[in-house]
Amino acid sequence: MPRSEESPVSDSPRPSVIVLAAGAGTRMKSEKPKIMHEIGGRSMVGHALRAAEGLSPEKIAVVVRHQRDRVVEHISRLAPHAAIADQDEVPGTGRAVQAGLEALEREGVTRGTVLVTSGDVPLMTSESLQRLAEDHESAGNAVTVLTAVVPDATGYGRIVRGEGGEVLAIVEHKDATEEQRAIREFNAGVYAFDIEVLKDALSQVTTDNAQGEMYLTDVLGIARSAGGRVAASVVEDVWQVEGANDRVQLAALGKELNRRTVERAMRGGATVVDPDTTWIDDSVVIGQDVTILPNTQLHGATEIASGASVGPDTTLTDVVVGEGASVVRTHGSESRIGAGASVGPFAYLRPGTSLGEKGKIGTFVETKNAEIGSGSKVPHLSYVGDATIGEGSNIGAASVFVNYDGVKKHRTVIGSHVRMGSDNMYVAPVTVGDGAYSGAGTVVRKDVPAGALAITVAPQRNIERWVTENRPGTAAAEAAEKASE
Ligand code: UD1
Ligand code: MG
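Residues numbered from 1 in each chain as written. Chains lettered and ligands numbered in written order. Predicted model: local features only at pLDDT ≥ 70, side-chain atom pairs only at ≥ 80, totals over all residues. Heavy atoms only, no water.

### Re the pattern of salt bridges
1) Next: Within the structure shown, the criterion is met by 20 salt bridges.
2) Next: Between E107 and K59 there is a salt bridge, with its nearest N and O atoms 3.5 Å apart. You can see E107 sitting in the loop between helix 3 (93-106) and strand 6 (113-118) and its partner K59 sitting in the loop between helix 1 (44-53) and strand 4 (60-64), a full 48 residues away along the chain.
3) Next: Assessed through its relative accessible area of 18%, K59 is described here as buried.
4) Next: A cluster of three or more residues bridged by salt bridges with shared partners is formed by D237, E256, R259, R260, E263 and R267. (Salt bridge = Lys/Arg side-chain N within 4 Å of Asp/Glu carboxyl O. Helix = DSSP H or I, 4+ residues; strand = E, 2+ residues; numbered from the N terminus. Buried < 20%, exposed > 50% of the residue type's maximum accessible area, 1.4 Å probe, protein only.)

### Regarding the site of ligand 1
1) Next: The environment of ligand 1 is made up of 22 residues, and the closest members are Q87, G92, T93, E172 and N187.
2) Next: Within the backbone of L20, one N or O atom sits 2.9 Å away from an oxygen atom of ligand 1.
3) Next: Of the residues belonging to the shell around ligand 1, the class tally is eight nonpolar, 10 polar and four charged. (Near = heavy atom within 4 Å. Polar contact = N/O pair within 3.5 Å; in protein donor to acceptor, adjacent residues only side chain to side chain. Nonpolar A, V, L, I, M, F, W, Y, C, P; charged D, E, K, R; others polar.)

### Description of the packing of aromatic side chains
1) Next: All told, the structure shown has four aromatic pairs when counted by the stated rule.
2) Next: Considering the side-chain rings of F346 and F364, the 5.3 Å spacing of their centres and the 10 degrees angle between planes classify their relative orientation as stacked. One end of the pair, F346, is in the loop between strand 22 (342-343) and strand 23 (347-349); the other, F364, is in strand 25 (residues 360-372), and 18 residues separate them in sequence.
3) Next: Judged by its relative accessible area of 44%, F346 falls in the partly exposed class.
4) Next: Plain terms: the ring middles of F401 and Y426 are 4.6 Å apart, the flat faces sit at 35 degrees to each other, and that makes the pair tilted. Taken together, the residues F401 in strand 27 (residues 400-402) and Y426 in strand 29 (residues 425-427) connect sequence positions 25 residues apart. (Phe/Tyr/Trp six-rings, centres within 6.5 Å; stacked < 30°, edge-to-face > 60°.)

### Let's talk about the nonpolar core
1) Next: Counting residues in each nonpolar core, the largest one holds 44 residues, and the members touching the most others are I286, L298, I304, V321 and I337.
2) Next: Of all the secondary-structure elements, those providing two or more residues to this core are helix 8 (247-267), strand 19 (314-321), strand 23, strand 25, strand 26 (377-389) and strand 30 (430-432). (Core = buried A, V, L, I, M, F, W, Y, C linked by side-chain atoms within 4.5 Å.)

### Observations regarding helix 3
1) Next: Under the 1.5 Å per step criterion, the end-to-end length of helix 3 is 20 Å for 14 residues, consistent within 8% with the ideal 20 Å.
2) Next: Within the sequence span of helix 3, burial applies to G94, A96, V97, Q98, A99, G100, L101, A103 and L104.
3) Next: Against strand 1 (16-20), strand 4, strand 5 (83-86), strand 6 and helix 6 (195-202) lie the buried residues of helix 3. (Expected span 1.5 Å × (residues − 1). Contact = heavy atoms within 4.5 Å.)

### A few points about helix 1
1) Next: Counted residue by residue, helix 1 has eight buried out of 10 residues, so it is predominantly covered.
2) Next: Within helix 1, burial applies to M44, V45, G46, H47, A48, L49, A51 and A52.

### Structural notes on the domain arrangement of the protein chain
1) Next: Looking at the protein chain, the domain boundaries give domain 1 (16-241) and domain 2 (247-454).
2) Next: Spacing between the C-alpha centres of domain 1 and domain 2 amounts to 45 Å.
3) Next: Contact residues are listed per partner, giving 17 residues for domain 1 and 11 residues for domain 2.
4) Next: Linking domain 1 with domain 2 are three salt bridges, by the criterion used here. (Domains from an automatic or database assignment.)

### Some points on a nonpolar patch on the surface
1) Next: Together, Y437, L453, I455 and V457 give the surface a local cluster of nonpolar side chains, amounting to about 420 Å² of exposed area.
2) Next: For Y437, a relative accessible area of 46% translates into the label partly exposed. (Patch = residues over 30% accessible without salt bridge, like charges linked within 9 Å, V, L, I, M, F, W, Y side chains within 5 Å. Areas by Shrake-Rupley, 256 points an atom, 1.4 Å probe, with all protein chains shown as cover.)

### A short note on the environment of T113
1) Next: Of note, T113 is situated in strand 6.
2) Next: Judged by its relative accessible area of 7%, T113 is buried.
3) Next: Not counting the four nearest positions on each side in its chain, T113 is found in contact with P15, S16, H136, E137, A192, F193 and I195.
4) Next: Among the polar contacts listed, one links the side chain of T113 to the side chain of E137, at a separation of 2.6 Å.

### Considerations on the environment of Y191
1) Next: Mapping Y191 onto the fold places it in strand 10 (residues 185-194).
2) Next: Since its relative accessible area comes to 4%, Y191 is described here as buried.
3) Next: In this structure Y191 touches V114, L115, V116, L132, T144, V145, I170, L216 and T217, once residues within four positions along its chain are discounted.
4) Next: Side chain to side chain, Y191 and N187 meet in a polar contact 2.8 Å long.

Here it is as structure tokens:
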């Protein structure tokens, strides 16, 4: 969330954020870097960057190493202003944060608060990061770590507290004693640090541990010994601190993220008939009184205006659906559907489709780069590619916009209020004027002037008794004979 305008103005800079994204993520068993795996239509590091950006931070640094160029390309697209920090061969989260601090220093950030988050903790929110920064600063802490309590914290670093409940240290699972492994409070891997304390403490961190890595978590003990206040902030919503290390965890986090997104849509006034089979990216915008029927997936920059009905069995990616429109059993991308329009069942809307108000793209119709004006209809069994259709026109069943000559694509332009017959072929480039008609089976190769009737069919010829003479003994011949008795 951006800072509210009422928040007190202070001279201390906004916190900066270091996002850790250098790890290999071997448990993912993937050629793709772990932090680039997606849930809810966004990569895991994309979620981390979005949460960080929501703080309006002073600066964001992302630490990279594994598949560096690929990850940098991805990050530059998502957060062009983020500083890239290259981690060297020394392994561990401590070394990663050192690289992040150097990058921040190059950007002129040398004091104040820095938050550290992981590129593999996708459900963390801006609000939680904001609260962490506020708690940290108002308590005057040197280090504040986000923690959560679960029945079994296997694999995580455990929070070791003293008699009075004060945080003494974090012990990694692999380095923990049996007694420490029974601790149910774990390190979420999200922290607020005073930059100067962090820098100093990191210079004392070694690789003397079970994994031979520089542990960021060692900073807590070091800062404490140096007299700094070290505290933990316990998160109730455990999902927010769950990391995805393998694909099983990724799917579980994806499902939970979706549950939250679908719930938000319902609380915003949408009816979702079956939340379990409805998948909505968190970037999708859904209006009031929208109805979403089962097995529907809404992705990317899709927007559904109020009163529209989508589904069942519909997948829309970057599709804008107008008020009160109906979209049934449809697969669509990069398209616009006007208010009150009707699409499907069984329609395939490819990029560049734009259907006007109260228009219709009906059953078994495929469209691409097609502008279909208000009230115009393509009701049945047609392909409309590279076409402009005016208003109030009707395209007959089973028509094809023949847009491809084998080398190039060409455009068909059809005017307003035309009535085209069934089974027409529009051999592009070709233009049909306003108010024109065409007969069934017309192959439109030449422009049709406004108001003209176009027909290309040759006159029908019936050859009497052909079946009896040429197909004797068949059921057809028998039927024909019977009919002529
Ligand atoms: C870390 C914590 C552990 C905590 C857990 C929470 C340490 C030593 N341990 O363990 O206490 O409970 O997170 O999920 O910090 N990374 C780098 N460079 C590296 C290694 C890792 O950038 O050299 C990045 C990874 O890309 C990832 C994050 O740091 O985004 C965490 O690394 P990971 O290997 O998953 O650490 P954990 O073993 O899970
Ligand atoms: Mg991890």
